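Structure at a glance
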Amino acid sequence: MKNIERFRVLIIGRANAGKTTILQRVCNTVEKPEIFDGNGKKIDNAVVQGNIERGYHNIEDELVFRSNPGFVFHDSLGFEAGSIQQFDKMKKFVIKHAASRRLKERIHAIWYCIPMTECERAVTAAEKKFFNECDTGHVPVVVLLTKVDALNLTAFEELLDDGLEIEEAERRATERESQLLEKWQAHIKHELDQCKFPPKFYLPLTEMHEESTDCAALIECTANVLNEEGLERLLMSTQQSSIALCIKFAMEK
């Protein structure tokens, strides 16, 4: 474990799931990441963006933020159930990096993003395919419920449909939002817990659009599902801006 200097995360999710924003909040920045190929050579962001627009994406590319180089991220573009090639590419990457003999190449956690802007299709065939067919071994998968704040508008509209006046609907929207989140989180958990390789944890993320949002809950829950204390310490070493979390972790250990 002493040979590992950076915590490596694979983030998965369909388009517009808010993945990049989450990584920026985790690294406490608004800047775009620097991108390196599998050999450590820096790639121009314009080249990467052009490739994505042409439908090409390399999951092997490493995303590193200058504000927190203790993290290395890999991004798997969203795949639909029919995208067999994209799924197989992601699965091959997971298998390769979950059990790599080279410690520096191993992924340590997977964050799977499901946006609450698409509640009715929160669990599609693509999610079931991943959690039924992709054995991540000792690498834990945490499902992140993203864009939870969008449920507030849904709650407000539901209350208006119930016949409430605008002011009353606004007043009660937060309570209804909480009920909706509880409902959809339970639905997602019920569906995915039945899969062959279910997630280790489900975490709603709110206010990710706010630059000051703290991601301590995400780091803490990720640390809690890791199966090696050395990896927990490595993850905590990335938390320069969350001294309170580091102290809490140290006291509990």
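What comes next is a walk through the structure. (Residues numbered from 1 in each chain as written. Predicted model: local features only at pLDDT ≥ 70, side-chain atom pairs only at ≥ 80, totals over all residues. Heavy atoms only, no water.)

This part is about the overall build of the protein. The number of helices and strands found in the protein is nine helices and eight strands. For the protein, the proportion of its 253 residues judged to be buried stands at 47%. Across the protein, contacts joining residues at least 24 apart in sequence account for 71% of those joining residues at least 6 apart. (Helix = DSSP H or I, 4+ residues; strand = E, 2+ residues; numbered from the N terminus. Buried < 20%, exposed > 50% of the residue type's maximum accessible area, 1.4 Å probe, protein only. Contact = heavy atoms within 4.5 Å.)

Turning our eyes to something else, we now look at the environment of Asn39. Of note, Asn39 is situated in the loop between strand S2 (34-36) and strand S3 (42-43). Take Asn39: its relative accessible area is 76%, and that puts it in the exposed class. Considering only alpha carbons, one finds Asn39 and Glu60, 21 residues apart in sequence, at a separation of 9.5 Å.

What follows concerns unusual backbone geometry. At Asn28, a position not held by glycine, the phi torsion is positive, near 55°. Note that Asn28 resides in the loop between helix H1 (19-26) and S2. With a phi angle near 55°, Glu207 is a residue other than glycine that sits in the positive phi range. Look at Glu207 and you get partly exposed, because its relative accessible area is 44%.

The buried count for strand S6 (residues 109-115) comes to seven of seven residues, which makes it a mostly enclosed element. What you see with S6 is no split at all: Ala109, Trp111, Cys113 and Pro115 on one side and Ile110, Tyr112 and Ile114 on the other are buried throughout. Here five bridges tie strand S1 (residues 7-13) to S6, and the two strands are oriented parallel to one another. Across the sheet, residue Gly13 finds its bridge partner in S6, namely Cys113. (Pairing = 2+ DSSP bridges.)

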